[in-house]
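The lines below spell out each chain.
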Amino acid sequence: MRILVVGANGHTGRRIVDRLRAGPHEPIAMVRDPNHVAHFEQMEVRTVVADLEKPLDPALEASAAEALIFAAGSGSKTGPDKTLAVDRDGAVRSIAAMEAVGLRRYIMLSALGADPERQGSPIAHYLRAKGIADEHLRRSDLAYTVVRPGRLTFDEPTGKVDLAPDLDSGGSISRDDVAAVVVACLDMESTVRKSFDLLAGPTPIADALARL
Ligand SMILES: NC(=O)c1ccc[n+]([C@@H]2O[C@H](COP(=O)([O-])OP(=O)(O)OC[C@H]3O[C@@H](n4cnc5c(N)ncnc54)[C@H](OP(=O)(O)O)[C@@H]3O)[C@@H](O)[C@H]2O)c1
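In what follows, the accompanying structure is described. This is a predicted model, so every value here is computed, not measured. (Residues numbered from 1 in each chain as written. Predicted model: local features only at pLDDT ≥ 70, side-chain atom pairs only at ≥ 80, totals over all residues.)

A closer look at the site of the ligand
Here's step 1: Around the ligand, the structure places 25 residues, and the nearest of them are Gly-10, Thr-12, Leu-52, Ala-72 and Gly-73.
Here's step 2: Broken down by secondary-structure element, the contributors of at least two residues to the shell around the ligand are helix 1 (11–21), helix 4 (80–101) and strand 7 (151–153).
Here's step 3: Grouping the constituent residues of the shell around the ligand by class yields eight nonpolar, 10 polar and seven charged. (Near = placed C-beta within 6 Å. Helix = DSSP H or I, 4+ residues; strand = E, 2+ residues; numbered from the N terminus. Nonpolar A, V, L, I, M, F, W, Y, C, P; charged D, E, K, R; others polar.)

Written out as structure tokens, the structure is:
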């Protein structure tokens, strides 16, 4: 499949693109800044320039993608307005664009603790924004997977994880392992219309996903 990676220039997005380049799928990098196109073209990865704060249907259609991985985020350096504009509304816009162009497979990189009603956390506004987008996706007819990792690190990949619909604990996981999980989901029917928490752990990724 041709996979549109939304947020391809991000720390996790670049790792997802790299994994997809190994095959059998083809990544298409969605970037918002035209200056980021060269990085991907050097690797012979096709790009689409689009901003999540604007309608996405034309970019999605032009990309000829067959599935989408959402790895974008407003980041910790922007204010709550961008959290709503990107993490909530941008994600919802991407779901609507998938429905508008008739695509089905959607993998959402969400966050541990995402919940539309979340209170009592310094990042509650972010977790609510992610939770609202996740709920929107779950209510759609799309063949979704919602992946909720803990704190993302730059540690080396281990190929092993702990994942379950509700892990009931906090923790972290490397961006490399998150990228591996997200890409593995594309080929695992057991992950369709499922949501799960994801942390570093002892179980090989394929085994953990197969048990979902
Ligand atoms: N950081 C954590 O500990 C953590 C924990 C759990 C879940 N997550 C989630 O995991 C995902 C990846 O996180 P990360 O830290 O690897 O991401 P990141 O490095 O902050 O990258 C985010 C990407 O989103 C892009 N982006 C932002 N606004 C956009 C817009 N309006 N239109 C198009 N693209 C836009 C950025 O583009 P530019 O390159 O142009 O800036 C960037 O490439 C995010 O969804 C995040 O919410 C993060």
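Digging into the nonpolar core
Here's step 1: Ranked by internal contacts, the top residues of the largest apolar core, which has 63 residues, are Leu-4, Val-5, Met-30, Ile-69, Phe-70, Val-147 and Val-182.
Here's step 2: The biggest single contributor to this core is helix 6 (residues 175–185), with seven residues. (Core = buried A, V, L, I, M, F, W, Y, C linked by C-beta atoms within 7 Å. Buried ≥ 20, exposed ≤ 12 C-beta atoms within 10 Å, placed from the backbone.)

Remarks on the environment of Leu-152
Here's step 1: On the secondary structure map, Leu-152 appears in strand 7.
Here's step 2: Separated by 141 residues in sequence, Leu-152 and His-11 have C-alpha atoms that sit 9.6 Å apart.
Here's step 3: Discounting residues that sit within four places of it in the chain, Leu-152 has contacts with Thr-12, Ile-173, Arg-175 and Val-178. (Contact = placed C-beta atoms within 7 Å.)

What to know about the sheet that holds strand 6 (residues 143–149)
Here's step 1: What the nine strands build is an open sheet, ordered 3-2-1-4-5-6-10-8-11; its pairing is mixed. Because the sheet does not close on itself, it has two edges, and the strands there are strand 3 (46–49) and strand 11 (203–204).
Here's step 2: Sheet contacts for helix 4: strand 1 (2–6), strand 4 (67–70) and strand 5 (105–109); angle to strand 4, the most-contacted strand, approximately 175 degrees.
Here's step 3: Sitting on the sheet, helix 5 (residues 124–139) touches strand 5, strand 6 and strand 10 (194–200), and the angle it makes with strand 6 is about 155 degrees. (Pairing = 2+ DSSP bridges. Axes fitted to C-alpha atoms, helices over the stretch in contact; angles between N-to-C directions.)

Structural notes on the packing of helix 1 against helix 6
Packed helix pairs are characterised by how far apart their axes lie and by the angle those axes make with each other.
Here's step 1: Contact pair helix 1 / helix 6: the axes reach a minimum separation of 9 Å and the direction vectors enclose 50 degrees. Overall, the two elements helix 1 and helix 6 adopt an arrangement that is oblique. The crossing of helix 1 and helix 6 is right-handed. Counting all contacts with helix 1, which are made through His-11, Thr-12, Arg-15, Ile-16, Arg-19 and Leu-20, the residues of helix 6 involved are Arg-175, Asp-176, Val-178, Ala-179, Ala-180, Val-182 and Val-183.
Here's step 2: For the contact of helix 1 with helix 6, the class distribution of residues is seven nonpolar, two polar and four charged. (Parallel < 35°, antiparallel > 145°, perpendicular 65-115°, else oblique. Left-handed = near helix turned anticlockwise from the far one by under 90°.)

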